[in-house]
Amino acid sequence: MIKPTAATLALLAAAAVPVATRADVTFNYALRATVGAEADGDRTLGLGSNGDSTQNLFVNLAPRALIQFGEDWTAYTRIRAFVPTGRAAPFDSNTPDNATARGNSFIALSELWVQYNGLTSYPGEAISLGRQRVRQVGSEWWDEDIDSLRWNFATTLKSFDIGIARQLFHYRSDGAPIIAEQRHRTYGFGNASVDWRPEHRVGVRAVVAQDSGSAPRIGDTVDADSKLRNGQLNWVGLYADNGFYDPLNRTPFNYWIEANYLIGKQTEASAGSGNVVDTRNRQDVNAYAGTIAGRWRPFAEFPVAFGAAYTYSSREYQQTGAQSNSSTFSGTQTLINRYNETLRAQLGNLRVASAFVSLSFDNDAISAIFSTLARNDGNAAITADNVIAQTQANGRNHVGNGVDLVATHYFGRALRRQRLLDSGDAFVSQKRRSLISIRASAFDPGAAFGPGTELDYRVLLEATLWVN
């Protein structure tokens, strides 16, 4: 069952919100109902005995409610009910991929928070407490439902946010554990940006991740869900853009430039035969990553966009563990994984070059993305969230090529919305529209996986209905 902490959060939220008269209270609700059919290929790339292709159906219900208490107080909750016929992994960050108990039906508390925006007179300022969606532009640092305290401040030309976060419990009825990367980890994070000229922004962001406990010791027995790395890691990043991730931006050329640095200390354990830890090393971490991307719309009267992106991450680099890597980089409102939907790679010992083209009409959007992936060290592994085959220590760098095709048809007009900060995903800047979409993705493995590999694929047909 869902942990008692959910009830605790509800009581805290209720206690924090002042008593208001009936005339002061505004109630909004919505339901996002999704039915999908998904087909997955062989996630072992033909190298294993447990990677047979699967076909599954699923239903995902996500009711949510927002209550406004006077001018300064807001409360929000979002629930998720997920019923699959088998393993059904999500394609985008509307249903985050926690890599746990994917074949189970469950009910989960996704969000429950209270927000106060009376500290200053700015309408874009607020402090929020509870389980909430922390999302940053690009979704490669933050895109996660997490227990947190967060302060946001935004004006026309500048914005910043600062907060602390920790996954306390899973809040799922199926008992799925917190993913290993986030287990016993406390985050501190901040982000600040300013428009240095109209529609052109520069920013800096930082994350501190402190793990409690320790890594497994030599002689300990571990399993696939054990947390093998423990330490303190610090990320700092600089970025500049002019609306690259805003699908509604119609500037002829959009760009994104980013440089990130990771420093810290970490203890890592490795298991040998019988899943028994046989090595345990403490090391300093110094790593870096960067991205440069551009998107060009050559015709003002025809909504076609062409784009390219290149991302580099050094061997020791790792992401925060709270990322989804799904964003609207192609120029449409559809979330697509930056590093191929079939592979779902994470940054670290990885180079990715992508080219894409998209069409975005009022009610229809199409994107086609081609990616080629390589590793920097041909004897070190990469990390992927979907493919379970491991790269080999064979000195070969080519990880493989990926192709993603996404077509979405939207029904009717956008439903009414309220402008809050990027917390409750039903009442923010993303337009809520019923839709039907088809996604097709393929990954052709390269020499890094060794000989005898086969093409892997994922296909999803999805219908989503918004009820307001």
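Structure shown above.
Presented here is an overview of the structure given in this document. (Residues numbered from 1 in each chain as written. Predicted model: local features only at pLDDT ≥ 70, side-chain atom pairs only at ≥ 80, totals over all residues. Heavy atoms only, no water.)

Looking at the overall build of the protein chain
Helix and strand counts for the protein chain stand at 1 helix and 20 strands. In the protein chain, which comprises 468 residues, the proportion classed as buried is 51%. Summarising the internal contacts of the protein chain: among those between residues at least 6 apart in sequence, 66% fall at separations of at least 24. (Helix = DSSP H or I, 4+ residues; strand = E, 2+ residues; numbered from the N terminus. Buried < 20%, exposed > 50% of the residue type's maximum accessible area, 1.4 Å probe, protein only. Contact = heavy atoms within 4.5 Å.)

Thoughts on a nonpolar patch on the surface
Residues Val-204, Val-236, Leu-238, Tyr-261, Ile-263 and Tyr-288 make up a contiguous nonpolar surface patch of roughly 520 Å² in combined accessible area. Among the elements of the structure, strand 10 (229–241) and strand 11 (253–271) are those that each provide at least two residues to the nonpolar patch. Looking at the element boundaries, Leu-238 is found in strand 10. For Leu-238, a relative accessible area of 53% puts it in the exposed group. (Patch = residues over 30% accessible without salt bridge, like charges linked within 9 Å, V, L, I, M, F, W, Y side chains within 5 Å. Areas by Shrake-Rupley, 256 points an atom, 1.4 Å probe, with all protein chains shown as cover. Salt bridge = Lys/Arg side-chain N within 4 Å of Asp/Glu carboxyl O.)

Brief notes about the environment of Arg-166
Tracing the chain through its elements places Arg-166 in strand 7 (residues 158–166). Residue Arg-166 is classed as partly exposed on the basis of its relative accessible area of 26%. Counting along the chain gives 22 residues from Arg-166 to Gly-188, while the straight-line C-alpha distance between them is 9.0 Å. Setting aside residues no more than four positions away along its own chain, Arg-166 makes contact with Ile-146, Asp-147, His-184, Arg-185, Thr-186 and Ser-212. For Arg-166, the side chain forms a polar contact with the side chain of Thr-186, separated by 2.7 Å. (Polar contact = N/O pair within 3.5 Å; in protein donor to acceptor, adjacent residues only side chain to side chain.)

A word on the pattern of salt bridges
For the structure on display, the rule yields 19 salt bridges. For Asp-143, the salt bridge is made with Arg-133, and the minimal N-O distance between the two is 2.9 Å. Note that Asp-143 is positioned in strand 6 (residues 143–154) and Arg-133 in strand 5 (residues 126–135), a separation of 10 residues in sequence. We classify Asp-143 as buried; its relative accessible area is 1%. For Arg-133, a relative accessible area of 0% puts it in the buried group. Where salt bridges share partners, they join Arg-78, Glu-111, Arg-133, Arg-135, Asp-143 and Asp-145 into one cluster.

Looking at the nonpolar core
Formed by 32 residues in total, the largest nonpolar core has its most connected members in Trp-142, Tyr-187, Trp-235, Leu-350, Leu-373, Val-399 and Phe-443. Mapped onto this core, the elements with two or more residues apiece are strand 8 (185–197), strand 9 (200–211), strand 10, strand 12 (277–296) and strand 16 (350–360). Broken down by element, this core gets its largest block of residues, 3 residues, from strand 12. (Core = buried A, V, L, I, M, F, W, Y, C linked by side-chain atoms within 4.5 Å.)

Re the pairing of strand 3 (residues 73–84)
Across 10 bridges, strand 2 (residues 54–69) lies against strand 3 in antiparallel orientation. Bridge pairing links Gln-68 to Thr-74 in strand 3. The turn joining strand 2 and strand 3, which pair antiparallel and follow one another in sequence, is formed by 3 residues; a positive phi near 65 degrees is taken by Gly-70. Two strands pair when backbone bridges link them, and strand 3 and strand 4 (residues 106–116) are joined in this way by 10 bridges, in the antiparallel orientation. Looking at strand 4, one finds that Arg-80 is bridged to Ala-108. (Pairing = 2+ DSSP bridges.)

Examining the packing of aromatic side chains
Tallying each qualifying case throughout the model produces 19 aromatic pairs. Ring geometry for Phe-82 and Phe-106: centres 5.7 Å apart, planes at 45 degrees, overall tilted. A residue pair is termed long-range when its members are at least 10 positions apart, and Phe-82 in strand 3 and Phe-106 in strand 4 qualify at 24 residues. Accessibility classification places Phe-82 together with Phe-106 in one group, the buried group. Each member of the aromatic cluster is reached from another via a ring pair, and the members are Tyr-122, Trp-151, Phe-153 and Phe-160. The ring of Tyr-239 carries Arg-205 above its face, with NZ or CZ at 5.2 Å from the centroid. A cation over a ring is seen here: Arg-338 above Phe-329, with NZ or CZ 5.3 Å from the ring centre. (Phe/Tyr/Trp six-rings, centres within 6.5 Å; stacked < 30°, edge-to-face > 60°. Lys NZ or Arg CZ within 6 Å of the ring centre and 35° of its normal.)

Remarks on unusual backbone geometry
The phi dihedral of His-184 falls on the positive side, at around 60 degrees, and the residue is not glycine. Here His-184 is to be found in the loop between strand 7 and strand 8. His-184 sits in the partly exposed class, given a relative accessible area of 46%. In this model, Asn-340 sits at a positive phi of 75 degrees, which is unusual for a non-glycine residue. Structurally, Asn-340 can be placed in the loop between strand 15 (336–337) and strand 16.

Description of the side chain of Glu-140
With respect to the helices and strands, the residue Glu-140 is situated in the loop between strand 5 and strand 6. The residues contacting Glu-140, other than those within four sequence positions of it, are Tyr-245, Gln-319, Gln-323, Asn-325, Arg-338, Tyr-339 and Leu-347.

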